[in-house]
Amino acid sequence: MHDFRVCPSCRYGRGFHVSFKAVEEGHSIILICPDCGQSYEPGWMVSVTRRTPLAGPAYPIR
């Protein structure tokens, strides 16, 4: 898979929101379409070292 940017469900073409799901092997990356809400699990894993996220800046709504 070279580019997974377009939602197969609704054809929204500007990418996805990202979420992380704790699994036995680490954390699975979940892609969520910001238009229709459909989620996808592409099988990508990430290793997370910090358990509690630190709050960053709040970005204004455009």
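Scroll up a little and you will see the structure.
The rules behind these values
Residues numbered from 1 in each chain as written. Predicted model: local features only at pLDDT ≥ 70, side-chain atom pairs only at ≥ 80, totals over all residues. Heavy atoms only, no water. Phe/Tyr/Trp six-rings, centres within 6.5 Å; stacked < 30°, edge-to-face > 60°. Helix = DSSP H or I, 4+ residues; strand = E, 2+ residues; numbered from the N terminus. Buried < 20%, exposed > 50% of the residue type's maximum accessible area, 1.4 Å probe, protein only. Core = buried A, V, L, I, M, F, W, Y, C linked by side-chain atoms within 4.5 Å. Contact = heavy atoms within 4.5 Å. Pairing = 2+ DSSP bridges.

## Quick word on the packing of aromatic side chains
Two aromatic rings are characterised by how far apart their centres lie and by the angle between their planes. Applying the stated criterion across every chain yields a total of 3 aromatic pairs. Ring geometry for F4 against F16: centres 5.0 Å apart, planes inclined by 15°, an arrangement best described as stacked. Remark: F16 occurs in the segment before strand 1 (17–23) and F4 occurs in the segment before strand 1; sequence separation between them is 12 residues. The partly exposed category is assigned to F4, whose relative accessible area is 26%. Measuring from ring centre to ring centre gives 5.5 Å for F4 and Y40, while their planes differ by 85°; the resulting arrangement is edge-to-face. Note that F4 is positioned in the segment before strand 1 and Y40 in strand 3 (residues 39–40), a separation of 36 residues in sequence. Given a relative accessible area of 17%, Y40 falls into the buried group. Chaining the aromatic ring pairs together yields one cluster made of F4, F16 and Y40.

## Quick look at the side chain of S28
With respect to the helices and strands, the residue S28 is situated in strand 2 (residues 26–32). Residue S28 is classed as buried on the basis of its relative accessible area, which comes to 6%.

## Looking at the nonpolar core
Ranked by size, the top nonpolar core spans 6 residues in total: C7, F16, I29, L31, C33 and Y40. If near-sequence neighbours (up to four positions away) are discounted, C33 is found in contact with C7, C10, Y12, F16 and Q38.

## Some details on the pairing of strand 2
Where strand 1 lies against strand 2, 7 bridges are found, and the strand directions are antiparallel. Its bridge partner being in strand 2, H17 is matched across the sheet by I32. In terms of strand pairing, strand 2 meets strand 4 (residues 45–46) through 2 bridges, oriented antiparallel. Each residue of the ladder has a partner; that of S28, found in strand 4, is M45. Note that strand 2 and strand 3 share 2 bridges and pair antiparallel.

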